[in-house]
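A closer look at the structure
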Amino acid sequence: MGGLLQQAELPGANIPWLEALREKGRRAFAAQGMPTAKTEAWKYTRPRDLQTDDFVIRTTDNDKKCCGEAGHCSCEKQEEQSLPFECYEICFENGCLQHNHLHLPRGVTVMPLMEAITENDEIKAYLGKSVDIEHYPFAALNTAYLAGGLFIRIAGNTKLDKPLAVLNRTHSCHENLFCNLRNIIVLESGAEAELIESFTYDGAEKSRYFNNIVNEIYIGRKASLRHCKFQNEAFKAVHVSLSQVKVREGGNYESFCLQRGANLARNETKVLLTEEQARAEVNAAYIMNGWATIDTTTDIEHLSPQTYSDQLVRGIVGGNAKGVFQGKIHIAPEAVKTEGTQQHKALLLTDTAEVDCKPELEIFADDVKCSHGAASGELDEEQLFYLRSRGIGEDEARQILIDAYLEDVFARIRSEKIKDWLVSLSG
Amino acid sequence: MTKTPLLEIEDLYARVAEREIIKGLNLTINEGEVHAVMGPNGAGKSTLSYVLCGKPGYEITGGKIRFKGMDLLKMSPEERAREGMFLIMQYPVEIPGVPVTTFLKHSVNAVRKHRNLPELDTMEFIKFVREEGKKLGISADMLKRPVNVGFSGGEKKRLETLQLAILKPCFAILDEADSGLDIDALKVVADGVNAERGEHNSLLVITHYQRLLNYIVPDFVHIFADGHIVKSGGKELAQELEETGYAQFVKEK
Ligand SMILES: Nc1ncnc2c1ncn2[C@@H]1O[C@H](COP(=O)(O)OP(=O)(O)O)[C@@H](O)[C@H]1O
Ligand SMILES: [Mg+2]
């Protein structure tokens, strides 16, 4: 067992059900231990470098040290950057929620997870209810340290007028910070929302830190969530994220994740299409260099008839970097007349770049449409020459072709302004 | 009147995939002249056009090429293009994900920058390219599509001609510009090319058939076989070739 499981003083120690849940998390992690090369789910993306004792767990204590009683981080940082369009912005600095006043429309609840735990019994119906911690060691760890994060609920038939953006920034004031966040996101029947998550660093270029995120997302009947994420952690950082999504009848989950940072990153999306006409679109792009490993893992379970899923993933890998895609589509025996497609394609820019890809189809039902495809290759020399023969410099020509490679996956982002923002972050 | 040479090829040898294709080629093209190079399939005509444009993979094993007095073989493909060399390709490449307008804007601005002209902003550029496009029957819709993807043969060649019109090269090579074109499309392309002819601009028209030369009339015709020029003459040579065929120029194998 690694040094990630430590004694930590967490808020809410007097709440028995919460403590019981944390204890379950501790046990589940202790039973599984850190994934190794033999752990099937982690065989391509080995969480090396995490076996050490020097990670500092984010707790209420160092909350105060870092952010003071007022809850504002005092360490040096640049101008706070907002998104280039209107949205409801919530910031976490080093995992610590910044208390900004949000004027949310009626029917929209956004509160710190601890507040929901202490004041709102409703959270019990969701917290820890969807994640299988016996098989997800990092989710178990996240459960052991349950405290930080958000409870977001969009009431029935409420349509959020602007995207809700959760901006996570890491500063250099703690070396080896280990931060666990749990977000519970509930869309009641007929609700609609756009959620943006971003993970960036500020003055922490050379810091080693570890963000371990679990999102539990519940999409009600005919509700729709568009979930966009941008991961650009510092180059020594580790980022592990699991979004566990349940979609009910006629509900829709659309996600797009752009990853380009961290030394080791996994963005994992597990979707359960539990009722008829539930739909999920899981798209991702990764752009990497240096020695990074970036992993995109998906697992879509079709559990009811006439469910639909579609995944498109594109990667650009340079330097000595390694891209990993593991995509699974599972179709349960009762899930007849379903459709599941998946496509992964990666562009290798150097001889030392690597891509590992594991598509998996598990089909137990009849009358389904399923397909998957995976390919990797280099820049097309003919295309490169064509551009250069028209006066375009070699570097510029390469960039044009790289941008073009991601064009079809970016085209899947329905919101023009979010798309433009993410495209601007991809160059 | 003394003529200024634009392109001088001297005893050129070139190979591709370890095979010698061009063997001792000599050709001088002066400013304002139109030369046609005619030869049977597989003679090495496209190879010649790629060698001139600097396509990677074509190895020069002997000889010299001067372009505007410069050592062409030392220049990158983009430098050659910026100095005014342009190739209408026999098979223009499809580039999914890159809209025609985006591509053309990068290209035009790279060339303008080299000529110390201010770069065009998006609005100016779109206006400019639409006007030029209209003359060649290229719609605004076509300009938004990815480069050559799903284009018909005629559309591809019209897009090549549009690039010729907006890049204003001093030396254009047409590699089988008429292949796959019906007579109407051929006329559009030929008119577009003729519109760019001028006192200082030269053309190298590469073709298997004489047909194109009825529309783009050459000053000189060269017969290219076995890796070099075997006979040169005026435009009547093309006519002669149409009647006799290439057989007399191709060595028995
Ligand atoms: N990339 C290549 N690899 C191998 N052989 C080639 C390549 N390009 C051309 N060749 C060969 O060189 C010869 C000349 O080709 P090409 O220049 O296309 O002729 P043309 O345009 O006159 O029909 C042909 O025999 C062709 O097969
Ligand atoms: Mg040819």
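Residues numbered from 1 in each chain as written. Chains lettered and ligands numbered in written order. Predicted model: local features only at pLDDT ≥ 70, side-chain atom pairs only at ≥ 80, totals over all residues.

**A look at the overall build of chain A**
When helices and strands are counted, chain A shows 7 helices and 20 strands. In terms of overall size, chain A behaves like a compact globule, its C-alpha atoms giving a radius of gyration of 21 Å where 427 residues would be expected to give roughly 22 Å. Taking the principal axes of its C-alpha atoms as reference, chain A extends roughly 70 × 50 × 45 Å. Taking all 427 residues of chain A together, the buried fraction comes to 50%. A separation threshold of at least 6 residues defines the contact pool for chain A, and within that pool the share at least 24 residues apart is 84%. (Helix = DSSP H or I, 4+ residues; strand = E, 2+ residues; numbered from the N terminus. Rg over C-alpha atoms; globule rule 2.2 N^0.38 Å. Buried ≥ 20, exposed ≤ 12 C-beta atoms within 10 Å, placed from the backbone. Contact = placed C-beta atoms within 7 Å.)

**Comments concerning the site of ligand 1**
Taken together, V16, A17, R19, I21, G39, N41, G42, A43, G44, K45, S46 and T47 of chain B make up the full set of residues near ligand 1. A per-class count over the shell around ligand 1 returns 4 nonpolar, 6 polar and 2 charged. (Near = placed C-beta within 6 Å. Nonpolar A, V, L, I, M, F, W, Y, C, P; charged D, E, K, R; others polar.)

**A short note on the interface of chain A and chain B**
Counting from both sides, the interface comprises 18 residues of chain A and, opposite them, 19 residues of chain B. Broken down by element, the residue count for the side of chain A that touches chain B peaks at 7 residues, all from helix α6 (residues 394-410) of chain A. For the side of chain A that touches chain B, the residue count by class is 6 nonpolar, 4 polar and 8 charged.

**Focus: the sheet that holds strand β8 (residues 192-201) of chain A**
Residues and elements named next belong to chain A. Across the sheet, which stays open at both edges, the 10 strands sit in the order β3-β2-β6-β8-β10-β12-β14-β16-β18-β20 with mixed pairing between neighbours. The outermost strands of the open sheet, each flanked by one partner alone, are β3 (96-97) and β20 (369-377). Inspection of the sheet shows strand β12 (residues 252-259) paired to strand β14 (residues 279-288) by 8 bridges, in the parallel sense. Paired with S255 across the strands is V282, a residue of β14. Relative to strand β16 (residues 308-317), α6 is tilted by about 170 degrees, and along the sheet it contacts β14, β16 and β18 (339-348). (Pairing = 2+ DSSP bridges. Axes fitted to C-alpha atoms, helices over the stretch in contact; angles between N-to-C directions.)

**So, the packing of helix α1 (residues 16-32) of chain A against helix α4 (residues 137-144) of chain A**
All names here are of chain A. At a minimum axis distance of 7 Å, the contact between α1 and α4 shows a crossing angle of 145 degrees. For the pair α1 and α4, the sense of crossing is left-handed. Across the interface between the two elements, L21, R22, K24, G25, R26, A28, F29 and Q32 from α1 touch P137, A140, L141, T143 and A144 from α4. In terms of residue class, the contact of α1 with α4 is made up of 7 nonpolar, 3 polar and 3 charged. (Left-handed = near helix turned anticlockwise from the far one by under 90°.)

**A look at the sheet that holds strand β1 (residues 5-16) of chain B**
Residues and elements named next belong to chain B. Ordered by their spatial adjacency, 4 strands build an open sheet running β2-β1-β4-β5, and the pairing between neighbours is antiparallel. The two strands at the open ends of the sheet, each matched to only one other strand, are β2 (19-30) and β5 (70-71). As defined by bridge partners, β1 adjoins strand β4 (residues 58-67) across 8 bridges and the pair is classed as antiparallel. Pairing of A14 across the sheet is with I60, part of β4.

**Quick look at the domain arrangement of chain A**
Residue and element names in this part refer to chain A. Segmentation of chain A into domains returns domain 1 (16-275) and domain 2 (380-427). Between the C-alpha centres of domain 1 and domain 2 the distance comes to 31 Å. Across the boundary between the two partners, domain 1 contributes 11 residues, which contact 10 residues of domain 2. Breaking the side of domain 1 that touches domain 2 down by element, the ones donating at least two residues are β8, β10 (224-231) and β12. In terms of residue count, β10 provides more of the side of domain 1 that touches domain 2 than any other element does, 3 residues in total. (Domains from an automatic or database assignment.)

**So, the nonpolar core**
Core analysis: the largest hydrophobic core is formed by 190 residues, its most contacted members being L187, I219, V247 and V271 of chain A together with L174 and V205 of chain B. Ranked by the residues each element gives to this core, the list is headed by strand β7 (residues 177-187) of chain A, at 8 residues. Here this core gathers at least three residues from each of two domains, domain 1 (16-275) and domain 2 (380-427) of chain A. (Core = buried A, V, L, I, M, F, W, Y, C linked by C-beta atoms within 7 Å.)

**Section: the confidence of the model for chain B**
Per-residue pLDDT for chain B has a mean of 94; in total, 98% of the residues score no lower than 70. With pTM at 0.88, the complex prediction returns an ipTM value of 0.96. (pLDDT = per-residue confidence, 0-100.)

**Observations concerning the environment of E89 of chain A**
All names here are of chain A. Within the element layout of this structure, E89 appears in strand β2 (residues 88-93). E89 sits in the partly exposed class, given 18 other C-beta atoms within 10 Å. Residues E89 and L164, spaced 75 residues apart in sequence, show a C-alpha to C-alpha distance of 6.2 Å.

**Thoughts on the pairing of β16 of chain A**
Residue and element names in this part refer to chain A. Of all 10 residues making up β16, 7 are buried, and the element is well covered by its neighbours. Sheet topology note: the β14/β16 ladder contains 10 bridges and is parallel. Residue pairing in the sheet places R279 in a bridge with Y308 of β16. Here 10 bridges tie β16 to β18, and the two strands are oriented parallel to one another. Looking across to β18, one finds that V317 is bridged to L348.

**Regarding the environment of V247 of chain A**
Residue and element names in this part refer to chain A. Examined against the element boundaries, V247 turns out to sit in strand β11 (residues 238-247). Residue classification places V247 among the buried positions, given that 31 C-beta atoms sit within 10 Å. Along the chain, V247 and A374 lie 127 residues apart, while their C-alpha atoms are 27 Å from each other. Among residues more than four places away in sequence, those in contact with V247 are I219, Y253, V271, L272, L273, T274, A278 and A280.

**Overview of helix α5 (residues 381-388) of chain A**
Burial within α5 of chain A is extensive, with 6 of its 8 residues counted as buried. Among the residues of α5 of chain A, those classed as buried are Q383, L384, F385, Y386, L387 and R388 of chain A. Buried residues in α5 of chain A make contact with α6 of chain A together with α2 (77-82) and β7 (95-99) of chain B.

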